[in-house]
Amino acid sequence: MSIVVSNLQKSFAGTRVLDDVSFDVKSGELVGVLGPSGGGKSTILRIIAGLDTADGGEVWLDGKRVDNLHARDREVGFVFQHYALFRHMTVSDNVGFGLDVRDEPRDKRDARVAHLLDLMGLAGLGDRYPSQLSGGQRQRVALARALAPEPKLLLLDEPFGAVDAKVREELRRWLRKLHDEVHTTSIFVTHDQDEAFSVSDRVIVMQKGRIEQIGTPVQILDHPSTEFVTRFVGDVNVLEGTVKNGHAEVGPLTGPLIDAIPDGPARIVVRSYDLKFWREDPGSATVKRMVPLGDRVRVDALTDQGSPLFAYFPRRSSLLDGIETGCRIHVEITLARAWPA
Ligand code: ADP
Ligand code: MG
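The structure reproduced in this document is the subject of the present report.

Reading guide: rules and limits
Residues numbered from 1 in each chain as written. Chains lettered and ligands numbered in written order. Predicted model: local features only at pLDDT ≥ 70, side-chain atom pairs only at ≥ 80, totals over all residues. Heavy atoms only, no water. Helix = DSSP H or I, 4+ residues; strand = E, 2+ residues; numbered from the N terminus. Expected span 1.5 Å × (residues − 1). Buried < 20%, exposed > 50% of the residue type's maximum accessible area, 1.4 Å probe, protein only. Arc of directions from axis to C-beta. Pairing = 2+ DSSP bridges. Axes fitted to C-alpha atoms, helices over the stretch in contact; angles between N-to-C directions. Parallel < 35°, antiparallel > 145°, perpendicular 65-115°, else oblique. Left-handed = near helix turned anticlockwise from the far one by under 90°. Contact = heavy atoms within 4.5 Å. Near = heavy atom within 4 Å. Polar contact = N/O pair within 3.5 Å; in protein donor to acceptor, adjacent residues only side chain to side chain. Areas by Shrake-Rupley, 256 points an atom, 1.4 Å probe, with all protein chains shown as cover. Nonpolar A, V, L, I, M, F, W, Y, C, P; charged D, E, K, R; others polar. Core = buried A, V, L, I, M, F, W, Y, C linked by side-chain atoms within 4.5 Å. Phe/Tyr/Trp six-rings, centres within 6.5 Å; stacked < 30°, edge-to-face > 60°. Lys NZ or Arg CZ within 6 Å of the ring centre and 35° of its normal.

### Some remarks on helix H3 (residues 106-119)
The terminal C-alpha atoms of H3 lie 20 Å apart, and with 14 residues this matches the ideal 20 Å at 1.5 Å per residue to within 8%. What H3 keeps buried is the set Arg109, Arg112, Val113, Leu116 and Leu117. Down the axis of H3, the buried side of the element spans an arc of 130°, and every buried residue falls inside it. For H3, exposure combined with an orientation more than 90 degrees from the buried face picks out Asp107, Lys108 and Asp118. The positive-phi residue at the C-terminal boundary of H3 is Gly121, with phi of around 70°.

Here it is in structure tokens:
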């Protein structure tokens with residue numbers, strides 16, 4: 001199912017929550033919607049599903065305008081953060097629920113449930129109750145339940161928000177694999193950029209009811225179109241500096257700009273992986289702290305001009321040779337972006 005959303009407007013009690021939101025999703029695509037809490041992400045999904053109505057704008061599913069179509073006639077599956085599984089029903093009955101509602105013949109229903117349990121890695125757990133499952137398993141049951149009636153469109157609203165970090169990563173990998181097998185057109189809402197980037201074909205970045213950028217994960221990382229996207233995506237250093245002849249300058253530090261802006265005072269934004277440090281006397285900064293984070297080390301430093309900086313290095317990187325708390329370092333900006341101050 002393809003989706004076209006055009007010029008959606010929505011206010012709650014006079015406060016604008018969606019401001020002229022337009023995008024499209026191709027059939028079979030998995031699109032992530034990424035942005036801070038309160039930005040209007042859930043409201044978009046609810047309007048597409050028919051659970052809420054827009055004040056203006058249109059929603060088209062497979063070339064058909066659906067604004068006046070009841071939610072149950074839209075063939076949309078929904079999964080929320082809090083897997084509202086039926087606690088008194090077994091896993092199989094939860095998954096079969098949507099099929100029972102429409103009186104699917106028993107043998108077809110049972111075959112579909114068994115197939116989905118298999119697909120979700122839940123084979124053998126059909127007779128359990130939700131309370132006898134782990135959080136990750138419950139979330140997979142919720143997905144199986146949404147997929148059972150073969151929706152043409154799957155809407156996922158922070159579906160992994162309630163499970164712990166390790167399981168969340170597993171679910172992500174697994175959702176992407178599922179999508180590649182089933183090809184249901186999907187919209188996946190999250191405020192977690194790693195999650196959005198690791199599952200989506202394209203990502204819509206939004207804040208305060210407006211779309212900031214739509215693009216592939218690489219386009220958004222490497223060519224953010226607004227300052228908001230630049231600062232929201234990835235770990236960044238934001239420094240007061242100037243732009244001179246297409247170069248960023250922060251005190252004695254200089255670096256090339258990815259997109260030129262006119263000369264003058266600027267906020268210089270440098271990704272944590274677009275900085276290099278090495279030990280040097282006298283150097284231009286002092287290492288304040290080294291934070292081991294499993295496979296990476298975060299190095300916090302302070303320039304002689306008083307700007308705090310941080311960068312991540314692989315744990316065994318030769319760039320870390322001789323670097324320790326209190327030592328003097330040279331800092332090189334390998335790539336920067338700038339916005340007029
Ligand atoms: P997100 O999913 O990005 O966190 P939401 O779409 O849930 O954002 O909400 C956007 C804004 O709309 C928030 O400020 C929220 O408080 C407000 N909002 C959402 N639903 C309602 C509602 N039914 N009544 C009043 N305000 C609402
Ligand atoms: Mg939400």
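Picking up after the structure, the text goes on.
### Observations concerning the sheet that holds strand E16 (residues 285-293)
Spatially, five strands are ordered E15-E19-E16-E17-E18 in an open sheet, and the strand pairing comes out antiparallel. The sheet is open, and its two borders are formed by strand E15 (275-279) and strand E18 (308-314), each paired with just one other strand. For this sheet, the mean angle separating the axes of adjacent strands, direction not counted, is 40°. Relative to E18, strand E17 (residues 296-303) is paired through seven bridges, and the arrangement is antiparallel. Each residue of the ladder has a partner; that of Asp300, found in E18, is Phe310.

### Examining the packing of helix H2 (residues 91-101) against H3
Between H2 and H3, whose axes approach to 9 Å, the crossing angle comes to 130°. Regarding the angle of H2 to H3, the classification is oblique. H2 and H3 meet at a crossing whose hand is right-handed. Contacts between H2 and H3 involve Val91, Ser92, Asp93, Val95, Gly96, Leu99 and Asp100 from the former and Arg109, Arg112, Val113, Leu116 and Leu117 from the latter.

### Examining the site of ligand 1
Ligand 1 sits among Phe12, Val17, Pro36, Ser37, Gly38, Gly39, Gly40, Lys41, Ser42 and Thr43. Within the contact set of ligand 1, an oxygen atom lies 2.6 Å away from a backbone nitrogen or oxygen of Gly38. Take Gly40: an N or O atom from its main chain is 3.0 Å from an oxygen atom of ligand 1. When ligand 1 sits alone it has 560 Å² of accessible area, and the protein chains cover 54% of it. Top element by residues in the shell around ligand 1 is helix H1 (residues 41-49). It accounts for three residues. Tallied by class, residues from the shell around ligand 1 come to three nonpolar, six polar and one charged.

### Overview of the nonpolar core
In terms of nonpolar packing, the biggest core is built from 30 residues, with Val95, Met120, Leu143 and Leu175 touching the most fellow members. For this core, the secondary-structure elements that each account for two or more residues are H2, H3, helix H4 (135-147), strand E7 (153-157) and helix H5 (165-182). A total of six residues in this core trace back to one element, the largest contributor, which is H4. Contacts of Met120, omitting those with residues within four sequence positions, involve Arg140, Leu143, Ala144, Leu147, Trp174 and Leu178. The next biggest cluster of nonpolar side chains, apart from the first, holds 28 residues, and it includes Leu253, Val270, Phe277 and Ala301.

### Re the environment of Phe277
Along the chain, Phe277 turns up in strand E15. Along the backbone, Phe277 and Ala301 are 24 residues apart, and their C-alpha atoms lie at a distance of 9.5 Å. Dropping the residues within four chain positions of it, Phe277 is found in contact with Val299, Ala301, Phe310, Ala311, Phe313, Leu319, Ile323, Ile329, His330 and Val331.

### A short note on the packing of aromatic side chains
All chains considered together, the criterion is met by six aromatic pairs. Measuring from ring centre to ring centre gives 4.3 Å for Phe78 and Phe80, while their planes differ by 15°; the resulting arrangement is stacked. The ring of Tyr312 has Arg296 sitting right over it, with the charged end atom 4.2 Å from the ring centre. Of note, Arg298 hangs over the ring of Phe310, and the distance from its end group to the ring centre comes to 4.2 Å.

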